[in-house]
Amino acid sequence: AAARERSKRRPAEWREQLPILLEYHGQQAAESTVEGRSFSNGLWAFAKLRVDAEAGTLLTVLNSAAGQWDSVQWKPVDLSIAAWALGTLACRHEAVMEGIARSSKERLEDFPARSLANLLWAVATIEWKDDELTMKLAQQSMSKSQELKAMELSAVATIEW
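Residues numbered from 1 in each chain as written. Predicted model: local features only at pLDDT ≥ 70, side-chain atom pairs only at ≥ 80, totals over all residues. Heavy atoms only, no water.

This part takes up the overall build of the protein chain. What the protein chain contains, in helices and strands, is 10 helices and zero strands. When the elements of the protein chain are put in sequence order from the N terminus, they spell out α-α-α-α-α-α-α-α-α-α. Long-range pairs, those at least 24 residues apart, make up 80% of the contacts in the protein chain between residues at least 6 apart in sequence. Total accessible area on the protein chain is roughly 9,200 Å²; 51% of this is exposed by carbon and sulfur atoms. (Helix = DSSP H or I, 4+ residues; strand = E, 2+ residues; numbered from the N terminus. Contact = heavy atoms within 4.5 Å. Areas by Shrake-Rupley, 256 points an atom, 1.4 Å probe, with all protein chains shown as cover.)

Encoded structure:
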């Protein structure tokens, strides 16, 4: 019951907690190694709270991840959530997007349909130009078209267009 009550808080009440969230993630990014799930969940929170893409803490988190990108074991869902968050924030952080693209291209066949759709949407939304990634995303979306729901198909249509 308490969890349900907390989830009913208005966005303004959650925004009061934003400085604490930003400070925590900024410290974590500066002091530790990046973990895929923590990184993507943190970006998801920033996106849901509509943190300014130029906020210092967000940039600290992104820069820290970019500096450690190749040493992280990325799961497809973490890559797609991170991409979705960047798309939602309209944030074209070059190094992180390059890392997402590089890591994704190697294993797109492992992406569940929903993660594939999120990545497609993000690439289209921030107009990320990577012909190889776009081609591979198109191929995978066609091979998984039976698994994609109507909403996910709109992401495919957006990038195909």
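Below, the discussion takes up unusual backbone geometry. With a phi angle near 55 degrees, A90 is a residue other than glycine that sits in the positive phi range. Among the secondary structure elements, A90 is positioned in the loop between α6 (76-88) and α7 (94-105). For A90, a relative accessible area of 59% gives the class exposed. In this model, E127 sits at a positive phi of 55 degrees, which is unusual for a non-glycine residue. Inspection of the secondary structure assignment puts E127 in the loop between α8 (113-125) and α9 (131-143). (Buried < 20%, exposed > 50% of the residue type's maximum accessible area, 1.4 Å probe, protein only.)

This model, assessed by the stated rule, comprises three aromatic pairs. Here F39 and W69 contribute two aromatic rings whose centre-to-centre distance is 6.1 Å and whose plane-to-plane angle is 90 degrees, an arrangement assigned as edge-to-face. On the criterion of sequence distance, the pair formed by F39 in helix α4 (residues 36-48) and W69 in the loop between α5 (56-68) and α6 is long-range, its members being 30 residues apart. On the accessibility criterion, F39 (6% relative accessible area) is buried. Taking relative accessible area as the criterion, W69 reaches 2% and is therefore assigned buried. (Phe/Tyr/Trp six-rings, centres within 6.5 Å; stacked < 30°, edge-to-face > 60°.)

One turn of the α-helix equals 3.6 residues, which is why residues spaced by three or four share an orientation. The end-to-end C-alpha distance of α4 is 18 Å, a good match for the 18 Å that 13 residues give at a rise of 1.5 Å each. Residues G36, F39, S40, G42, L43, A45, F46 and A47 constitute the buried set of α4. After α4 finishes, the residue R50 shows a positive phi value of roughly 55 degrees. (Expected span 1.5 Å × (residues − 1).)

On to the environment of A124. Turning to its location among the elements, A124 is positioned in helix α8. Look at A124 and you get partly exposed, because its relative accessible area is 21%.

One broad trend across soluble globular proteins is that nonpolar side chains are buried collectively. By size, the foremost hydrophobic cluster in this structure holds 36 residues, and its most contacted members are F39, L43, L62, W69, I100, L119 and L137. Every element with two or more residues in this core is listed here: α4, α5, α6, α7, α8 and α9. (Core = buried A, V, L, I, M, F, W, Y, C linked by side-chain atoms within 4.5 Å.)

Overall, the coordinates contain seven salt bridges when judged by the stated rule. Across the salt bridge formed by R92 and E94, the nearest N and O atoms sit 3.6 Å from each other. Linking E132 and K136 is a salt bridge whose minimum nitrogen-to-oxygen distance equals 3.3 Å. Of this pair, E132 and K136 both sit in helix α9, separated by four residues, roughly a single helical turn. What makes K136 partly exposed here is its relative accessible area of 29%. Ionic contacts of the salt-bridge type, sharing partners, join the residues K105, D130, E132 and K136 into one network. (Salt bridge = Lys/Arg side-chain N within 4 Å of Asp/Glu carboxyl O.)

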